[in-house]
Amino acid sequence: MDDGFLMEVCVDSVESAVNAERGGKTRGPRGRGRWRGLAPAGPVLTCLSPGAGRIELCAGLVEGGTTPSMGLLQVVKQCVRVPVFVMIRPRGGDFLYSDREVEVMKADIRLAKLHGADGLVFGALTEDGRIDTELCTALLAVCRPLPVTFHRAFDMVHDPLVALETLISLGFERVLTSGCDSSALEGLSLIKRLAEQVSGFIPPGGGITERNLQRILEGSTASEFHCSARSARDSGMKFRNPNVAMGASFSAPEYSIKVADVAKVRTLNAIAKNIL
């Protein structure tokens, strides 16, 4: 692997963002290829130390990621120097949005741009599992001139090869995917086919760990990858009430916090650079 591999880490807290970047200094921009003549999405940075080259900022990672608060974005931007791409997803669940939800998404895009987002991340589908071209076009217009990633809504499409061509024509800079399967490892064959279809810029994401990253990168020919690199950290609370939960029964426990793990970030980056 060359030293220009870009690792994007998905985070939902300031602590995770700082941990993802840990090691700090980067150089860039550096070209990595084209989507049929399209420029790469923003500055492509080569890490000189073992941290993330880009952060995807979300809330609600237990739901696959939703729009973060603007307060979180502001503080993260104060604490890290790598590009921060902001998730625009008004709720968990499917990717079929009502008119009012679309207004929320447009408002969140404007606010994210105002508060320093370096790029945006969203996805929208029609009820029959195709790319919602009308809505995506409207949202892209609000996002510009910032680069935009189509997120893993792509993994819910009816025909991924057709969907990818649609996204290219609309002007998305990259598509995040697990290959329409339960993890990037399971969907590896499709990820490779998609990457070959557009000469790169199909970062694999979903279930990436230290145990499978090498297989995924070697099998996908990807130049970027997406992970959360999290570990559970015990809460600092001394008094605990075990009889109360702050969410549904399947939600994360109140006294365990998942954060990006510096050691995992460094290990994944080292694997990508083939220096282990």
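Above this text sits the structure in question.
Owing to the predicted nature of the structure, the values given are computational and were not obtained by experimental measurement.

Caption draft 1: The side chain of Lys106, seen in detail. With respect to the element layout, Lys106 can be found in helix α3 (residues 99–114). Although Lys106 lies buried, it forms no salt bridge, and the closest oppositely charged side chain, Glu103, sits 4.1 Å away as judged by the N-O distance. Discounting residues that sit within four places of it in the chain, Lys106 has contacts with Ala138, Leu139 and Val142.

Caption draft 2: Summary view of unusual backbone geometry. The residue after Arg144, namely Pro145, is reached through a cis peptide bond having omega 15°. By the element assignment, Pro145 lies in the loop between α4 (133–143) and β7 (148–150). Of note, Cys180 is a non-glycine position whose phi angle comes to about 60°, a positive value. Looking at the element boundaries, Cys180 is found in the loop between β8 (174–175) and α6 (188–198).

Caption draft 3: A look at the packing of aromatic side chains. Under the definition given, this model contains two aromatic pairs. Geometrically, the ring pair formed by Phe122 and Phe172 is edge-to-face, given 5.4 Å between the ring centres and 65° between the ring planes. Of this pair, Phe122 sits in strand β6 (residues 119–122) while Phe172 sits in the loop between α5 (160–170) and β8, and the two are 50 residues apart along the sequence. With 5.3 Å between their ring centres and 85° between their planes, Phe150 and Phe172 make a pair best called edge-to-face. Of this pair, Phe150 sits in strand β7 while Phe172 sits in the loop between α5 and β8, placing them 22 residues apart in sequence. Judged by relative accessible area, Phe150 falls into the buried class, the value being 0%. What links up through ring pairs into an aromatic cluster is the set Phe122, Phe150 and Phe172. One residue, Arg54, lies across the ring of Phe85, its end atom 5.2 Å from the ring centre.

The rules behind the values
As a convention, each chain's residues are numbered from 1 in the sequence order in which they are written. Two thresholds apply to this predicted model, a pLDDT of at least 70 for residue-level local features and 80 or more for giving and counting side-chain atom pairs, whereas whole-chain, interface and lining totals are computed over all residues. To get the side-chain values, all heavy atoms of the structure are used, and hydrogens and water are removed first. Each helix corresponds to a stretch of at least 4 residues labelled H or I by DSSP, and each strand to a stretch of at least 2 residues labelled E; elements are numbered beginning at the N terminus. Burial classes follow relative accessibility: with a 1.4 Å probe on protein chains only, a residue under 20% of its type's maximum area counts as buried, one over 50% as exposed, and anything between as partly exposed. His is not counted here, nor are the chain ends, while Lys and Arg score as positive and Asp and Glu score as negative. The working definition used for a salt bridge is a side-chain nitrogen of Lys or Arg within 4 Å of a carboxyl oxygen of Asp or Glu. Only heavy atoms enter the contact rule, under which two residues are in contact if any of them lie within 4.5 Å. Planes of paired rings set the category: under 30 degrees apart is stacked, over 60 is edge-to-face and the rest tilted, where pairs are Phe, Tyr or Trp rings (Trp by its six-membered ring) whose centres lie within 6.5 Å. Definition used: whenever NZ (Lys) or CZ (Arg) falls within 6 Å of the ring centre and also within 35 degrees of the ring normal, the charge is taken to sit over that ring.

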